[in-house]
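So the chains spell out like this:
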Amino acid sequence: MKDFALFRCCPTAVFLKQYETSTEAVLRKLGVSFSDIREFSCCGYPLKNFDFKAYLLASARNHALAEKNGSPILTFCNCCFNSLKQARHHLNRDEVLREEINKTLGKEGLGYEQGVEVKHLFEVLLEDIGLEHIRARVIKTFKGLKIATHYGCHLLRPSQIVCFDKAMNPSKFDQLVEVTGAESIPWRLKLECCGSPLLGIDDDLSLDLTRKKILDAAQSGADHLCSACVYCQIQFDRVQERLISDRSFHPLPSILYTQLLGLSLGISEEDLGINLNALDLSGMVAFLS
């Protein structure tokens, strides 16, 4: 199997360390070879709507480092996945822009040629490992656990560039959940925004979007949410805590997919950072057998 360059996400080092540790634990358990490129920097996503060329430069630099190392990029972050793929899309189609970016990269002795393959963790699990191989490594299964999957906008759109799944009717994440024995339920607001992009801009609207999603998932029969996105998980976990002060609100704890799969693979709760989640997941662990 390929040796991947693991591309970490800036917020996880501070707010969601368990996404990094649980990803590492799952990859090692499944025999995926990966390494860090210490010179990697931000993917550029926060700059995208303020200075598009600065965003492209940041993403192109990371591509150039991976090209120099001869490694495809593997990331668990939806935003990084989307940003790196969109940058490659634009740079490979605009020679003038590419030359301009390369003039700056050249000051570091780097150069963007065609970019490298960028794979989301889910693509590695589905395409490089395969569901049957994962199923064969599962030693504990969830019985009767109903999960509402939350893909996150950046994993699906723009679909013609990210090419992960059908934007309006995806199923790949649901397949990954069901390999653990849990049931992935249909729910009406599955593909709606979690509200995270509005936090700090319009908190009332942000929390209202979160509240509506959680209510819909609960009314659809979900026991828990399962998230693929760093920002969405923070919204469903740490930010959902703020809604609990409303006594009429009933929380629905969210688990990262790597934590869900890791429990099925027999990885310890400590190694998966289960205790780092803001909302209690002990009820979910009781479904394991």
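Sequence order as written defines the numbering, with residues in each chain counted from 1. Per-residue local features of the predicted model are confined to residues with pLDDT of at least 70, and side-chain atom pairs are confined, for both listing and counting, to 80 or more; whole-chain, interface and lining totals are unaffected and use all residues. To get the side-chain values, all heavy atoms of the structure are used, and hydrogens and water are removed first.

Caption draft 1: Expanded view of the sheet that holds strand S4 (residues 118-120). Here, a strand pair is defined by DSSP locating no fewer than two bridges between the strands. We count a stretch as a helix when DSSP gives it H or I for four or more residues in a row; a strand needs E for two or more, and each element gets its number in order from the N terminus. Strands sit in the order S2-S1-S3-S4 across an open sheet of four strands; the sheet is parallel. Whereas interior strands pair on both sides, the edge strands pair on one side only; in this sheet they are strand S2 (33-35) and S4. Across the sheet, the mean angle from the axis of one strand to that of its neighbour is 40°, orientation sign disregarded. Of the strand pairs in this sheet, strand S1 (residues 3-7) and strand S3 (residues 73-75) are connected by three bridges, and their pairing is parallel. Bridge pairing in S3 links Ala5 to Ile73. In this analysis, axes come from line fits to C-alpha atoms, helices being fitted only over the stretch in contact, and the angle between any two N-to-C directions falls in the range 0 to 180 degrees.

Caption draft 2: Seen up close, the side chain of Ser83. For Ser83, the position within the fold is in helix H4 (residues 78-91). If near-sequence neighbours (up to four positions away) are discounted, Ser83 is found in contact with Cys43, Tyr45, Tyr55 and Ser59. Contacts are assigned to residue pairs that have any heavy atoms within 4.5 Å of one another.

Caption draft 3: Region of the structure containing the layout of surface pockets. Computed over the protein atoms alone on a 1 Å grid, cavities are sets of points where a 1.4 Å probe fits but cannot get out and pockets are open sets with protein on both sides within 12 Å along at least five of seven lines; a residue lines them when it has an atom within 4 Å of a point. Grid points are joined across faces, edges and corners, and a volume is the space filled by probe spheres set on the points. A volume near 340 Å³ is recorded for the largest pocket. Lining of the largest pocket is provided by 19 residues; of these, Tyr45, Ser196, Pro197, Tyr231 and Cys232 occupy positions nearest its centre. For the lining of the largest pocket, the secondary structure elements donating two or more residues are helix H8 (153-156) and helix H12 (230-243). For the lining of the largest pocket, the element with the most residues is H12, which contributes five residues. A class-by-class count of the residues in the lining of the largest pocket yields 14 nonpolar, four polar and one charged. Estimates place the volume of the second largest pocket at around 190 Å³. Classes in brief: Ala, Val, Leu, Ile, Met, Phe, Trp, Tyr, Cys and Pro nonpolar; Asp, Glu, Lys and Arg charged; the others, Gly included, polar.

Caption draft 4: Main features of the sheet that holds strand S5 (residues 146-150). With parallel pairing, four strands are arranged side by side in an open sheet as S6-S5-S7-S8. Every other strand in the sheet has two partners, leaving strand S6 (183-184) and strand S8 (254-256) as the edge strands with one partner each. Of the strands in this sheet, S5, strand S7 (224-227) and S8 are in contact with H12, which crosses S8 at around 145°.

Caption draft 5: Spatial organisation of empty space enclosed by the protein. This structure, assessed with the given rule, holds one cavity of 30 Å³ or more. Taken as a whole, the largest cavity holds about 40 Å³ of empty space. Forming the walls of the largest cavity are His150, Tyr151, Gly152, Cys153, Leu156, Arg157, Lys190, Leu191 and Glu192. Of the residues belonging to the lining of the largest cavity, the class tally is four nonpolar, two polar and three charged.

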